[in-house]
Each structure stands twice: as C-alpha cells, then as structure tokens.
Amino acid sequence: NEMNNHLECLNAELAALKTDYSDSSKMLQPPADHRFVEPFALVRGGKPAAEIVLAPETKDMPALKTAAEELQKWIEAVTGVQIPVSAGGERKRGVGGVAGLELGATDLNRICLGKRLVPSYRKSGWFSNDGWNEILAKLSGRDGYAIRLDPENPKHLHVFGVKDKGTLNGVFALLENNTDIIWSRPNEKLGTVYTKVGGDFSLVWGNEVVDVPDSETRGWNTFQGVEWMARNKCNLFNGGGGDIEWTNPGKAKWGVDYMKHLGGHNIFHFLNGETDPTLFAHNDEGVRTGGN
C-alpha cells in the first residue's frame, strides 16, 4: 500500500509537470548576476580597447603567465583581435617603506592579473583594509578566484587569487561567462566550441565575483588533456602517459606545483614488486604466483 501511495503521488507530480521548451537561447547568455553597470570594452572597431597586465614575474608564477596567454589567445579566437600583454607595474616605496607597484596611465582598459597588482598591495603592502584583503582572506587555502573592478579606477578590472592557479581559474570563468565558449573535449580543434564575433566586444559579467571551491582537489585520472583539464578548472592532473603523465613537470604552468600519483598501483613498481618474491600476489590457493 505504501509503495502504491508513492507511485500515485509520483504520477500526480509528473502529470502536473509543465516544461517550457519554447526558448532556451537565454542559457547561452552571460549570467544575470554580477553584471557590470557599464560594459567593459575589450575590442572597439576591430582594434584593441584593452590590455592584459601581468603581475611582475616571480620564480613560482608559471600559471600566472599561462593565465595571460590563455586570455589573449581566446579573446583573439572569439574576436579576431589580439589584445596586448604587458608586464606589471613599476616598483616604488609605499607607506611604511613597503615596496609597492604603480601602474602608468593609458587610454586602454586593463585586465590586471594576479594578487600582486590589487590596489592594497600596490599602495601599502598587505596592511590596508579597503576590502581587497578581505577578499584574499576568503580565498586563502584554495585555488578560488575573485574578479573586481577597482572602485577608484573603473578602467582596471582585477582577476586574482591567493594562488596563481586561482587567477588562471578566474580567467577561464571570465571567458566562459562572457562568451559561449565550451572546452568539451581534450582535442582543442574538435572539442572547443565558440561563436566568433566581430567589430566590438565587451565584458558584461564579472562585477564583484568571489568564488571559493568547496573541494581542495578536482580532476580526472586520465591519459591526455592537461590544457583541457586546466580550462575546466581541474587542479589534479594524474595519468599514465602523454602530457598528463604524473611526473611531467610541464604541468606546473597549468597550476599543478606537485608531481605525485594518488592511486597506489605504481608503488608496486617502486618497491621492485616485479622481481621481489615477497611482494608477489597470492592466487586463490594462497600461492605467490609472481609479479603483476
């Protein structure tokens, strides 16, 4: 009787369900929230209206450089226009003798990549309390990202994280939410889908965004697609061959700064399990039968 009651309720719910299939085109539009008050122009009349500014180089910044390269690459793919990339600001002494960074004047909008370009650091190290450090505190310990217009200079759009991988994730979020680009498969030519636009292109999404992932690590155990996994915001790239090889140091530029395997089957080989009889597996009769 209880099962019949459940079925009756389910059938009633299904009968009352009305799905609107008339128009799903709005699903391809940028999200309705976190919109800029005024669009942030990147391309006008087929020419760059913005530049990408990269925080000054440090030895542990390969993912930050990748963020600039990816942003430039995919904006050009969508618009046909390559916006320039410039190195970060000039070093000056700030409040209390702290070395800060200053950005020179320009007529171009700027997408500033990296935490070392946010105003609190540029002006007075990490000691100011103007909202930027509060955002960084929320991002601490994760590879989340923030996207924020400088309240004092609306020509500066900052994409940053506590980790450079967070900045890289923020770049991909900026692209995904302002275009219809999808990195659906590891094959870049066949698996990347987007619509080309011409003439003018502006960002409409990215106002006061702070995104902190719930999980510390995300990824698939696969055999290919470092770039594809990174573009889908993964940070755990493990596999048995190709560019996804777990010992490949080239993965660092996509935000993985460690080389390890989380499975366990490779430990067998490290311990010389193919030749050491004490490590051979037992068969059903309890007899050690050899390696593998």
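This text follows the structure it describes.
Keep in mind that what you see is a predicted model, and the values were worked out from it rather than measured. By convention here, each chain's residues receive numbers from 1 onward along its written sequence. Reporting in this predicted model follows two pLDDT cut-offs: at least 70 for local features of residues, and 80 or more for side-chain atom pairs to be given and counted; totals over whole chains, interfaces and linings ignore these cut-offs and use all residues. Note that water and hydrogens are dropped before the side-chain values are worked out from all heavy atoms of the structure.

Chemist: Is there a simple way to think about the packing of aromatic side chains in this case?
Modeler: The description of an aromatic ring pair uses the distance of the two centres, along with the angle that the planes make with each other. Aromatic pairs are defined between Phe, Tyr and Trp rings, using the six-membered ring for Trp, whenever the two ring centres lie within 6.5 Å; interplanar angles under 30 degrees are classed as stacked, those over 60 as edge-to-face, and all others as tilted. Across all of its chains, the model carries five aromatic pairs by this definition. Aromatic pair W74 and W183: ring centres 5.8 Å apart, planes at 75°, arrangement edge-to-face. In this pair, W74 is assigned in helix α2 (residues 62-79) and W183 in strand β10 (residues 182-183), connecting sequence segments 109 residues apart. For the pair W74 and W183, a shared accessibility class is recorded, and that class is buried. Among the aromatic side chains, those forming a connected cluster through ring pairs are W74, F172, W183 and Y194. We count a stretch as a helix when DSSP gives it H or I for four or more residues in a row; a strand needs E for two or more, and each element gets its number in order from the N terminus. Partly exposed describes any residue whose relative accessible area lies between the buried limit of under 20% and the exposed limit of over 50%, with all areas from a 1.4 Å probe on protein chains only and scaled to the type maximum.

Chemist: Quick question: what am I supposed to make of the nonpolar core here?
Modeler: One broad trend across soluble globular proteins is that nonpolar side chains are buried collectively. To form a nonpolar core, buried Ala, Val, Leu, Ile, Met, Phe, Trp, Tyr and Cys residues must be joined to one another through side-chain atoms within 4.5 Å. L42, I111, L113, L175 and L203 are the most contacted members of the largest nonpolar core, which has 48 residues in total. Tallying contributions element by element places α2 first for this core, with seven residues. In this analysis, two residues are considered to be in contact whenever any of their non-hydrogen atoms come within 4.5 Å of each other. Apart from the residues lying within four places of it in its own chain, the contact partners of I111 are F40, L42, E51, I52, V53, L71, L157, V159, L174 and L203. I135, L136, A146 and F160 belong to the second-largest nonpolar core, a separate cluster that totals seven residues.

Chemist: I'm lost on a nonpolar patch on the surface in this one. Help?
Modeler: Only residues whose relative accessible area exceeds 30% and that form no salt bridge are eligible for patches; like-charged ones are grouped when within 9 Å, while nonpolar side chains (Val, Leu, Ile, Met, Phe, Trp, Tyr) are grouped when within 5 Å. All accessible-area figures derive from a Shrake-Rupley calculation using a 1.4 Å probe, and residue coverage is judged against the displayed protein chains alone. Each reported salt bridge corresponds to a side-chain nitrogen of Lys or Arg within 4 Å of a carboxyl oxygen of Asp or Glu. Side chains of M3, L7, L10, L14 and L17 sit close together on the surface and give an oily, nonpolar patch of about 520 Å² of accessible area. Note on placement: M3 falls in helix α1 (residues 2-16).

Chemist: It is not clear to me how the pairing of strand β8 (residues 145-150) should be interpreted in this structure. Could you clarify?
Modeler: As a general feature of sheets, a regular strand has side chains that alternate between the two faces. Taken across its six residues, β8 has six buried, putting it largely inside the fold. DSSP-based pairing: two strands are paired if at least 2 bridges between them are found. Of the strand pairs in this sheet, β8 and strand β13 (residues 209-211) are connected by three bridges, and their pairing is antiparallel. Looking at β13, one finds that A146 is bridged to V210. Relative to strand β9 (residues 153-160), β8 is paired through five bridges, and the arrangement is antiparallel. Bridging from a neighbouring strand, I147 pairs with V159 of β9.

Chemist: Teacher, can you tell me more about the pattern of salt bridges here?
Modeler: Side chains that carry opposite charge are capable of pairing whenever their charged atoms lie near each other. In this structure the tally under the stated criterion is eight salt bridges. A salt bridge links K233 to E176, with the shortest nitrogen-to-oxygen separation between them at 2.5 Å. On the criterion of sequence distance, the pair formed by K233 in the loop between α7 (226-231) and α8 (267-270) and E176 in helix α5 (residues 164-178) is long-range, its members being 57 residues apart. In this structure, a network of salt bridges that share partners links the residues E70, K73, E188 and R231.

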